[in-house]
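Results of the structural survey
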Amino acid sequence: MKENTSFARVCPGEAQAAGIMKRTPAQTLISLLARMGVEYVEGLPKDAYLGAFLEEFCQNSRWILRILPEKMLQYLVKIWENDTVEIVGEDWESLQYLNIFGFLTLSKGNPLTHEPNVIRYAPDMKQAFYFHLKSKKSRAIMEKYTEWEKVIDGLQHYYGLMEMREFYGCFCHVMKCQPDYEEFITLLKSRSSLWSTALLLKDRKGEKEYIQFNEVENPEYILLYRGEHENLPYKYPKKEDVIYLSESAGVDNRWEGVAELATFFTEDLKMEYYQTTVLIKTMISMIQNSCEQEELHQKLEVLPFNNEEEKEKVIAAADHLFHSVPIYELKGFCRKEYGKMFSQKELKKKKGMFKIIEGGKRD
């Protein structure tokens, strides 16, 4: 049996979606209506918001695909098709979220008395969405949105913080297509509540919206630096690199220094895989937030080196990492790339200082 695995019996419930959603807070319903662009008046009874949400959500089939992620919808279909299902890891969170939307209820069992977990789904929601979710068209849309999520997540590791319209522009460059902005923003706002990595913010005047990676330490400094370097373009990484970075939790093994540090930590210092990953991830976060090279060296001082040669080896690998990791304030460029760009600009300036006179040797 898998670790932390439970099972649940599945059966149709007596309650319809409206009955299940009686426990969904009014503020949550208002937030969902706002994301879907449904106009509402504040101060109404909760039932008014509930009725408006269910009408829009159930009658417009695009919302279920845009708001709920592919894994969650696949799990929902699995529930509808089976008498018993496993509940593993993220499934618990999926069940809570599906409950908010009126799809089901979960009654937790008692292992001491051998009472099982029981999932009761709302029959009206199965009737409304089962065949829709099983269609080839819907599966293709789910896969598209899953890719969008990975690209959005991966880009955060490059930029850290960005105004929403600019972020959309970078997203389009990386995807090499221009999806509808409202479709993009609805998906981003709807699913951000499920992410542990990003925040959606507004400036003090409420005029601009921003997406901020939760590992950004000083957003004001990033905006200030970029304001002073407006001529610096954003880096547009390849889509496959962005997705790789998302799937590897922000640690790209192809960056210089990552493989060397990982090998030394695990083989020479006998550190566990988890400790190694946390330490390298911490170093990467420091670099992305524009730490000084000396700060990175100090972070490594506490390691139990056997001799000076080992220490120098790790410092050298850390220096390679320092120059190869994308920097937030540099709009996704690493120090090595930025240095190369700066050198090329200086070279062009120097070439412009000289006047080339064409001619040859006279007879």
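The structure reproduced in this document is the subject of the present report.

Cut-offs applied
Residues numbered from 1 in each chain as written. Predicted model: local features only at pLDDT ≥ 70, side-chain atom pairs only at ≥ 80, totals over all residues. Heavy atoms only, no water. Pairing = 2+ DSSP bridges. Helix = DSSP H or I, 4+ residues; strand = E, 2+ residues; numbered from the N terminus. Axes fitted to C-alpha atoms, helices over the stretch in contact; angles between N-to-C directions. Contact = heavy atoms within 4.5 Å. Phe/Tyr/Trp six-rings, centres within 6.5 Å; stacked < 30°, edge-to-face > 60°. Buried < 20%, exposed > 50% of the residue type's maximum accessible area, 1.4 Å probe, protein only. Lys NZ or Arg CZ within 6 Å of the ring centre and 35° of its normal. Polar contact = N/O pair within 3.5 Å; in protein donor to acceptor, adjacent residues only side chain to side chain. Core = buried A, V, L, I, M, F, W, Y, C linked by side-chain atoms within 4.5 Å. 1 Å grid on protein atoms, 1.4 Å probe; cavity = no way out; pocket = protein on both sides within 12 Å on 5 of 7 lines; lining within 4 Å. Points joined across faces, edges and corners; volume = space filled by probe spheres on them. Nonpolar A, V, L, I, M, F, W, Y, C, P; charged D, E, K, R; others polar.

Read across the sheet, 3 strands follow the order β5-β7-β6 without closing on themselves; strand pairing throughout is antiparallel. Each end of this open sheet is capped by a strand with a single partner; those strands are β5 (161-163) and β6 (198-202). Across the sheet, the axes of successive neighbouring strands diverge by a mean angle of 20 degrees, strand direction being ignored. Two elements, β5 and strand β7 (residues 209-213), share 3 bridges in a ladder whose sense is antiparallel. Residue Glu 163 lies in a different strand from β7, and its bridge partner there is Tyr 210. Each of β5, β6 and β7 touches helix α8 (residues 136-159); the most contacted strand, β7, lies at about 80 degrees to it. Each of β5 and β7 touches helix α11 (residues 219-228); the most contacted strand, β5, lies at about 60 degrees to it.

On to the packing of aromatic side chains, then. Each aromatic ring pair is characterised by the separation of its centres together with the angle its planes make. Per the stated rule, a full pass over the model turns up 22 aromatic pairs. Taken together, a centroid distance of 5.1 Å and an interplanar angle of 75 degrees make the contact between Tyr 130 and Phe 131 edge-to-face. A relative accessible area of 67% means that Phe 131 is categorised as exposed. Plain terms: the ring middles of Tyr 168 and Tyr 181 are 4.9 Å apart, the flat faces sit at 80 degrees to each other, and that makes the pair edge-to-face. Taken together, the residues span a long stretch of sequence, with Tyr 168 in helix α9 (residues 164-175) and Tyr 181 in helix α10 (residues 181-191) at a distance of 13 residues. Like Tyr 181, Tyr 168 is buried. Among the aromatic side chains, those forming a connected cluster through ring pairs are Phe 53, Phe 57, Trp 80, Tyr 97, Phe 101, Phe 103, Phe 129, Tyr 130 and Phe 131. In this structure, Arg 62 packs its charged tip against the face of Trp 63, placed 4.3 Å from the ring centre. In this structure, Arg 335 packs its charged tip against the face of Phe 322, placed 3.8 Å from the ring centre.

Take the side chain of Glu 183 next. Looking at the element boundaries, Glu 183 is found in helix α10. Accessibility expressed as a relative area gives 12% for Glu 183, which makes it buried. Only 3.1 Å separates the side chain of Glu 183 from the side chain of Lys 144, close enough to count as a polar contact. Excluding its chain neighbours within four sequence positions, the residues that come into contact with Glu 183 are Arg 66, Lys 144, Tyr 145 and Trp 148.

Another point: the nonpolar core. Ranked by size, the top nonpolar core spans 104 residues in total, and within it Phe 53, Phe 57, Leu 68, Phe 103, Leu 133 and Phe 265 carry the most contacts. Setting aside chain neighbours within four positions, we find Leu 68 in contact with Trp 63, Leu 73, Tyr 97, Leu 98, Phe 101, Phe 103 and Arg 191.

What follows deals with the pairing of strand β4 (residues 117-121). Across the 5 residues of β4, 4 count as buried, placing the element largely inside the fold. As judged from the 4 bridges shared by strand β3 (residues 104-107) and β4, these two strands associate in the antiparallel manner. Across the sheet, Thr 105 pairs through a bridge with Arg 120, a residue of β4.

We now examine the layout of surface pockets. The computed volume of the largest pocket comes to approximately 940 Å³. Along the wall of the largest pocket there are 28 residues; nearest its centre are Pro 69, Lys 71, Glu 90, Glu 149 and Trp 195. For the lining of the largest pocket, the secondary-structure elements that each account for two or more residues are α5 (70-81), α6 (91-100) and α8. For the lining of the largest pocket, the leading source of residues is α8, giving 7 residues. Taken together, the residues that form the lining of the largest pocket break down as 9 nonpolar, 8 polar and 11 charged.

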